[in-house]
Amino acid sequence: MIYLDNAATTWPKPESVYQAVDQCLRTRGANPGRGGHGMARAASLLLYETREALAELFGIADANQLVFTYNATDAISMAVMGLADPGDSIVTTSMEHNAVARTLRLAQSRGVTIHVIPCDSTGQLDLQAMAAAIRQKPKAVVMTHASNVTGTIMPVAEVGKLTKEQGVALVVDAAQTAGVEDIHVADMGIDILAFSGHKGLLGPQGTGGLYIHEAITIRPLRVGGTGSLSESDLQPEFMPDSLESGTPNTPGIAGLNAGVQFILQTGQAVIRAKEMELTGQLLAGLLAIPAASVYGRLDLLGRTAVVSFTLKGQDSGQIAHLLDQQYAIACRSGLHCAPWAHKTIGTLETGTVRLSPGYFNTQQEIEQALAAIREIAAQGGFIHERDFS
């Protein structure tokens, strides 16, 4: 199989990730913070080490301001629902994933006003409109760092400068960028950073995190046992315990730590350069197919390794099905849980086929995928049953 669905979850993982999960289950399988014995202390140390590694990666001064979550969606829900009150206003963009959009709609149903700033057909933010909205002093700006549909990178640092000037909180969804793009929370003016562990950070599914600036207090989304202040039936108010209740996904966090260590040792610049090389090859090949329409930026500037396309007169779902069944190429079709983005770029009715190469893909695999797409395009989507093994 040629795996080109890394925007959904990266695969394969570094070998060290598999080994870390296995070793954790075998040697650190106790409950962190819930026992004084050696194995429980070893599990607690693992969480500490992972927090420190993530803090290094994101330029976070105090690793205790970083809490573990189940995924980026969980982190975004924690941030928005723990920050916004009835009567508040929140500004966002028209390229958001449903992790943001649905959370904001829920907040809206509870009395929060939502302002959606438009983006153009390539997914580029209208920065002037964003600046005007920020001057109205909303409670927060909640925005993606990069679109999971077009790969368009948003001007987070520019928005961060504007929010800092107005005293507005900036909440960033880094699901598509954490581990690949440079993220420094202080330099970029990010007050709250939500990220997934299973994408660019190369960790297992069921892992993610949320960084919160020490000047901001978030109401807990969940409360319960933390292993601290056990004599009290009130939730601790200090970080990270205030937002981390219940037994964590310790084996997953062990794998996440290994993924982060792989990134730190390999270098984000090296990983990004490899992904951009493959993305450039993919873009060039698709643009040479007359029937193909490619969405988002058509160059490598200001984008991630996410490429969406359609073939004239062909169903996106059928294209993805043929790529899977006839060519053993894994991709994704449809709306990618981002209807706002598809409405913005004009593909709400058709969806797109999304190809997202990762660090472990090869140029040969990209060329095989392009060859398959050329054949599907030439035959109008109808491919005779053949043995492609």
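Attention here is on the structure that accompanies the text.

What counts as what
Residues numbered from 1 in each chain as written. Predicted model: local features only at pLDDT ≥ 70, side-chain atom pairs only at ≥ 80, totals over all residues. Heavy atoms only, no water. Patch = residues over 30% accessible without salt bridge, like charges linked within 9 Å, V, L, I, M, F, W, Y side chains within 5 Å. Areas by Shrake-Rupley, 256 points an atom, 1.4 Å probe, with all protein chains shown as cover. Salt bridge = Lys/Arg side-chain N within 4 Å of Asp/Glu carboxyl O. Helix = DSSP H or I, 4+ residues; strand = E, 2+ residues; numbered from the N terminus. Buried < 20%, exposed > 50% of the residue type's maximum accessible area, 1.4 Å probe, protein only. Contact = heavy atoms within 4.5 Å. Pairing = 2+ DSSP bridges. Axes fitted to C-alpha atoms, helices over the stretch in contact; angles between N-to-C directions. Core = buried A, V, L, I, M, F, W, Y, C linked by side-chain atoms within 4.5 Å.

A few points about a nonpolar patch on the surface
So, point 1. A cluster of nonpolar side chains, M1, W11 and Y18, forms an exposed patch at the surface whose accessible area comes to about 360 Å².
So, point 2. Relative to the elements of secondary structure, W11 occurs in the loop between strand 1 (2–3) and helix 1 (15–27).

Structural notes on the environment of V149
So, point 1. With respect to the helices and strands, V149 occurs in the loop between strand 5 (140–144) and helix 6 (156–166).
So, point 2. The buried category is assigned to V149, whose relative accessible area is 0%.
So, point 3. Residues V149 and G285, 136 residues apart in the sequence, show an inter-C-alpha distance of 19 Å.
So, point 4. Sequence-distant contacts of V149, that is, excluding residues within four places in its chain, are made with V306, S308, L335, H336, A338, A341, H342 and I345.

Section: the sheet that holds strand 3 (residues 89–93)
So, point 1. On the basis of which strands lie adjacent, the open sheet formed by seven strands has the order 2-8-7-6-5-3-4 and mixed pairing. Sheet topology places strand 2 (66–69) and strand 4 (113–117) at the edges, where each strand pairs with a single neighbour. Between one strand axis and the next, the sheet turns by 20° as a mean value, whatever way the strands run.
So, point 2. Where strand 2 and strand 8 (residues 208–212) come together, four bridges link them in antiparallel fashion. Bridge assignment links V67 to a residue of strand 8, and that residue is L210.
So, point 3. The strands touched by helix 2 (residues 38–58) are strand 2 and strand 7 (192–196); relative to strand 2, the strand with the most contacts, the crossing angle is about 115°.

Things to note about the pairing of strand 13 (residues 352–355)
So, point 1. Residues T352 and R354 point to one face of strand 13 and V353 and L355 to the other, with burial holding for every one of them.
So, point 2. Note: strand 10 (residues 307–311) against strand 13, three bridges, orientation antiparallel. Considered in strand 13, the bridge of F309 is made with V353.
So, point 3. Bridge count for strand 12 (residues 332–334) against strand 13 is three bridges, and the pairing is antiparallel. Residue pairing for strand 13: S333 is matched across the bridge by V353.

What about the nonpolar core?
Here is a general trend for soluble globular proteins: nonpolar side chains tend to be buried in one another's company.
So, point 1. L54, F58, V141, I190, L193, F195 and L201 are the most contacted members of the largest nonpolar core, which has 50 residues in total.
So, point 2. Top element by residues in this core is helix 2. It accounts for six residues.
So, point 3. If we ignore the near neighbours within four places in the chain, the residues touching V141 are V91, M130, I134, V159, T163, V168, A169, L170 and V171.
So, point 4. Formed by 28 residues, the second largest nonpolar core is a distinct cluster that contains L282, L311, L355 and A372.

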